[in-house]
Amino acid sequence: MEQVKLGIIGVGNMGSDHAKRIVNGDVPEIKLVAVADRAENRRSWAKENLPAEVQIFAEGDDLIDSKVCDAVLIAVPHYQHPILAMRAFEKGQHVMCEKPAGVYTKIVREMNEAAAKSGKVFGMMFNQRTNCVYRKMHEMVQSGELGAIKRVNWIITNWYRTQSYYDSGSWRATWDGEGGGVLLNQCPHNLDLLQWICGMPSRVRAFCHEGKWHNIEVEDDVTAYLEFPNGATGVFVTTTGDAPGTNRLEITLEMGKLVCENDELTLWKLSQNEREFCYNAQGGFARPEMKKIKVETDGENPQHNGVLRAFAANILRGEPLVAGGEEGINGLTLSNAMHLSSWLDKTIELPLDEDLFLEELNKRRASSCKKENTVAVTFDVDGTYGSPKK
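This structure is a prediction, so every number in the text was calculated from the model and none was measured.

Turning to empty space enclosed by the protein, a few remarks are in order. In this structure the tally under the stated criterion is 2 cavities of 30 Å³ or more. Quantified by volume, the largest cavity comes out at close to 50 Å³. Taken together, Pro-100, Ala-101, Phe-126, Leu-183, Leu-184, Pro-188, Leu-191, Gly-328, Gly-331, Leu-332 and Ser-335 form the lining of the largest cavity. Of all the elements, helix H12 (residues 328-344) adds the most residues to the lining of the largest cavity, at 4 residues. In terms of residue class, the lining of the largest cavity is made up of 8 nonpolar, 3 polar and no charged.

Given below as structure tokens:
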């Protein structure tokens with residue numbers, strides 16, 4: 001069997017999880033040939049837990065320059081994603097990038113341009129796009145069968161994190177190390193799904209509470225209001241401080257309402273378009289007839305394995321990716337807009353002013369705290385990503 005020779009840059013929480021699953025044969029068309037990590041204890045982990053033939057490097061640049069790989073998977077702190085991706089493209093390697101695409105859209109735009117120029121395969125690890133309920137929502141909304149979107153509400157508050165999680169790395173939950181909090185670490189999946197299913201909004205007004213529930217300097221509680229080009233509105237609520245949390249995505253359209261909750265998809269289907277009914281019905285309190293339907297899906301939810309299998313299949317046979325790397329800028333645009341809106345206390349029009357965002361971010365990086373005496377901890381994330389817990 002022909003295989004893609006893959007190198008993983010960063011074998012912390014997610015990188016080590018990818019490595020273990022590839023070595024276990026979960027992605028048959030990928031062979032792990034190298035890993036890189038700056039932390040000596042993670043290199044020791046690799047030496048003890050990965051096959052002897054897997055080469056181990058201290059720097060991602062060294063792994064890329066060695067040219068032992070056809071492709072690299074980037075799973076390092078966020079600021080480094082575009083830098084390493086552009087380096088790999090320059091050396092003729094395919095790239096799979098963990099979320100988010102980066103911290104700010106200006107450099108991500110440069111990464112996208114480098115990817116296009118290289119002609120290499122570029123994928124983004126948006127594993128939630130493989131979830132059958134989200135795939136079905138995308139299909140139903142984008143097909144137009146339910147009419148235009150009127151409203152979208154997503155309460156995604158089951159990203160609960162303890163203080164020990166934030167204390168587990170010197171880079172975590174700081175403006176200079178991570179570049180953001182819940183919007184940039186946990187919610188890239190949700191922001192990607194929101195724009196993938198519903199399209200990009202045109203205006204954003206957000207309130208980001210920094211260090212509200214934890215001893216951190218970045219946001220851990222967010223409420224955002226969205227307006228879409230067709231006049232539809234939305235609300236996006238997230239936090240890492242709620243226990244128990246909620247994950248409910250509700251989309252109201254002209255022909256009914258879709259609700260995704262508890263891994264089930266329900267449609268309240270109207271008998272006719274609400275806009276037509278509104279202006280033709282004779283009774284002031286009349287309502288269109290509706291029926292509740294449990295929407296059937298194919299039940300498939302391959303998550304990271306599905307993304308990596310598609311990545312290999314695209315490299316080897318030109319089959320479709322789960323998510324093209326260039327799409328990563330869309331969800332990041334939403335988080336950048338939410339941050340900027342909160343920082344400036346104003347509504348942000350999209351496309352946003354990328355230079356202004358970077359200027360404001362750099363102000364916060366300049367005064368970002370430096371964590372001292374932090375002992376790095378790697379958590380076992382196996383099985384945590386089927387429902388949003390990663």
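Next, the rest of the story.
It is worth spelling out the pairing of strand E10 (residues 233-239) at this point. One face of the sheet, then the other: side chains in a regular strand alternate in exactly this way. The element E10 is extensively covered by neighbouring structure, given that 5 of its 7 residues are classed as buried. When strand E7 (residues 149-156) meets E10, the two strands line up parallel, connected through 6 bridges. Bridging from a neighbouring strand, Trp-154 pairs with Phe-236 of E10. As paired elements, strand E9 (residues 219-227) and E10 share 7 bridges and run antiparallel to each other. Bridge pairing in E10 links Ala-224 to Phe-236. In this antiparallel pair of consecutive strands, E9 and E10, the connection spans 5 residues, and Gly-231 shows a positive phi of 100°.

With that out of the way, let us pick up the confidence of the model for the protein. Taken over all residues, the pLDDT of the protein has a mean of 95, while the share at 70 or more is 95%. Taken together, the stretch residues 386-390 has pLDDT below 50 and engages in 23 contacts with residues farther than four places along the chain or on a different chain.

Conventions and cut-offs
Residues numbered from 1 in each chain as written. Predicted model: local features only at pLDDT ≥ 70, side-chain atom pairs only at ≥ 80, totals over all residues. Heavy atoms only, no water. 1 Å grid on protein atoms, 1.4 Å probe; cavity = no way out; pocket = protein on both sides within 12 Å on 5 of 7 lines; lining within 4 Å. Points joined across faces, edges and corners; volume = space filled by probe spheres on them. Helix = DSSP H or I, 4+ residues; strand = E, 2+ residues; numbered from the N terminus. Nonpolar A, V, L, I, M, F, W, Y, C, P; charged D, E, K, R; others polar. Buried < 20%, exposed > 50% of the residue type's maximum accessible area, 1.4 Å probe, protein only. Pairing = 2+ DSSP bridges. pLDDT = per-residue confidence, 0-100. Contact = heavy atoms within 4.5 Å.

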